[in-house]
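Each chain, written out:
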Amino acid sequence: MAMDMDLNLLRVFDALVAEGSVTGAAERLNLSIPATSRALGRLRRAMGDPIFVRAGRGLVPTPFALRAAPQVRSLLEGAQGLLIDRKNFEPAELERTFVIRINEGTAASLTPALVRRFAAEAPNAVIRCIGEGNEDVDSLRNGSIDLDIGADPLPSSDVCSEILYREGHVGLVSKSSPLARTAQPTLAQLCEHPHVSTSRRGRTHGPIDDALSAVGMRRRVIAVVASPVAAALMAADSDLVALVPERLARYFAARLDVAWFAVPTELPAVTIHQQWHGRLDHDPAHKWLREQVREASV
């Protein structure tokens, strides 16, 4: 019992380091906020250190906590490995939260299938998706995230990577748009309609604009959003043209009153990877996670 209590306290410590707040740690661990606060109090008494101090609305780890964090993460992973029979791993017995960093557009077309697989094979496991923003290697190293799914490889020798799929961008419009009734719109026809552009940095210019400029054409961008999901939803409810990843277009075309079409010019394709830290390469639960992601990506 004492060992279970100690491990639970270490899990709280680990979650607090990752989340920077009692509320975030409570959500990560599926605990109540008061229970997490009490655990923080026990941690402080047990370690003889404040562990975390208030900074605005969040908590900042003390130097001691920063030094201890990698050791705690290693201990937790070692304990998890001891509890799993590697030869007889059963997903149905898995009770674990997997944190996946993934952008909204990829998540919209991939995670529904992934959730269905979890529900069928590992009903007690949880998928926790967080958005992109700081695609650093440290979050994989320190265990803040279990898996990174995205287009940008992380250049580090201790990170493993696997290509899931490659895709291009297509045009997406409401079925009420004249473009939806055209078998294959031309570049000139695309330029006749207003566009919504997708850019996390708020840019109106993208690869399609370079292609248009090369043939003396220009599109009219009247809105810029950060997510291809937002762009697709705007196109579905207006006369706007959105350029979105093909998988996302297919997903929405099966559920919304929209149509998609190939863009009549060559645009750079995107390669989507799943990436993880090397220490998890042989972890049975993590191997199972990667397999589910791979299958959901087909």
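Residues numbered from 1 in each chain as written. Predicted model: local features only at pLDDT ≥ 70, side-chain atom pairs only at ≥ 80, totals over all residues. Heavy atoms only, no water.

Caption draft 1: Structural detail: the packing of aromatic side chains. Taken as a whole and judged by the stated rule, the model has four aromatic pairs. Plain terms: the ring middles of Phe98 and Phe118 are 6.1 Å apart, the flat faces sit at 90° to each other, and that makes the pair edge-to-face. Taken together, the residues span a long stretch of sequence, with Phe98 in strand S3 (residues 97-102) and Phe118 in helix H5 (residues 104-121) at a distance of 20 residues. Taken individually, Phe98 and Phe118 each receive the classification buried, so the pair is uniform in this respect. When the centroid spacing of 5.8 Å and the interplanar angle of 65° are considered together, the rings of Tyr251 and Phe252 count as edge-to-face. For Tyr251, a relative accessible area of 22% puts it in the partly exposed group. Taking NZ or CZ as reference, Arg255 lies 3.7 Å from the ring centre of Tyr251, over its face. Across the ring face of Trp276, the terminal group of Arg290 is positioned such that the distance to the ring centre comes to 4.2 Å. (Phe/Tyr/Trp six-rings, centres within 6.5 Å; stacked < 30°, edge-to-face > 60°. Helix = DSSP H or I, 4+ residues; strand = E, 2+ residues; numbered from the N terminus. Buried < 20%, exposed > 50% of the residue type's maximum accessible area, 1.4 Å probe, protein only. Lys NZ or Arg CZ within 6 Å of the ring centre and 35° of its normal.)

Caption draft 2: Structural view of helix H10 (residues 246-253). Within H10, the full set of buried residues consists of Leu248, Ala249 and Phe252. Buried residues in H10, looked at end-on, bunch into an arc of 100°, giving them a common side. In the core, the buried residues of H10 are packed alongside H5, strand S7 (169-174), helix H9 (228-236), strand S10 (241-245) and strand S11 (258-262). (Arc of directions from axis to C-beta. Contact = heavy atoms within 4.5 Å.)

Caption draft 3: How the structure looks around the confidence of the model for the protein chain. The pLDDT averaged across the protein chain works out to 89; a share of 94% of its residues lies at or above 70. Counting interchain partners and residues more than four positions distant, the pLDDT-below-50 stretch residues 1-5 has zero contacts. (pLDDT = per-residue confidence, 0-100.)

Caption draft 4: Region of interest: unusual backbone geometry. One non-glycine residue, Asn30, lies in the positive phi region at around 60°. One non-glycine residue with positive phi stands out, namely Ile51, at about 70°. What makes Ile51 buried here is its relative accessible area of 0%.

Caption draft 5: Structural context of the pattern of salt bridges. In this structure the tally under the stated criterion is 11 salt bridges. Among the ionic pairs, Arg294 bridges to Glu162, the shortest N-O distance being 2.6 Å. A residue pair is termed long-range when its members are at least 10 positions apart, and Arg294 in helix H11 (residues 284-296) and Glu162 in strand S6 (residues 159-167) qualify at 132 residues. Of the residues examined, Arg294 reaches a relative accessible area of 34% and is grouped as partly exposed. (Salt bridge = Lys/Arg side-chain N within 4 Å of Asp/Glu carboxyl O.)

Caption draft 6: Just the side chain of Thr271, in detail. In this structure, Thr271 sits in strand S12 (residues 270-277). A distance of 3.4 Å separates the side chain of Thr271 from the side chain of Arg166, its partner in a polar contact. Residue contacts for Thr271: discarding those within four places in its chain leaves Gly150, Ala151, Ile163, Tyr165 and Arg166. (Polar contact = N/O pair within 3.5 Å; in protein donor to acceptor, adjacent residues only side chain to side chain.)

Caption draft 7: Spatial organisation of the packing of helix H2 (residues 22-29) against helix H3 (residues 33-47). In contact at an axis separation of 9 Å, H2 and H3 are set at 110° when each is read in the N-to-C sense. Judged on the interaxial angle alone, H3 and H2 are roughly perpendicular. Here Val22, Thr23, Ala25 and Ala26 of H2 come into contact with H3, specifically with Ile33, Thr36, Ser37 and Leu40. Class assignment of the residues belonging to the contact of H2 with H3 gives a composition of five nonpolar, three polar and no charged. (Axes fitted to C-alpha atoms, helices over the stretch in contact; angles between N-to-C directions. Parallel < 35°, antiparallel > 145°, perpendicular 65-115°, else oblique. Nonpolar A, V, L, I, M, F, W, Y, C, P; charged D, E, K, R; others polar.)

Caption draft 8: View of the sheet that holds S10. With mixed pairing, five strands are arranged side by side in an open sheet as S9-S8-S10-S7-S11. On the outer flanks of this sheet lie strand S9 (220-225) and S11, each paired with one strand and no other. Within the sheet, the average angular offset between the axes of one strand and its neighbour, ignoring direction, is 35°. Along the sheet, H9 contacts S7, strand S8 (194-198), S9, S10 and S11; its crossing angle with S10, the most-contacted strand, is approximately 145°. (Pairing = 2+ DSSP bridges.)

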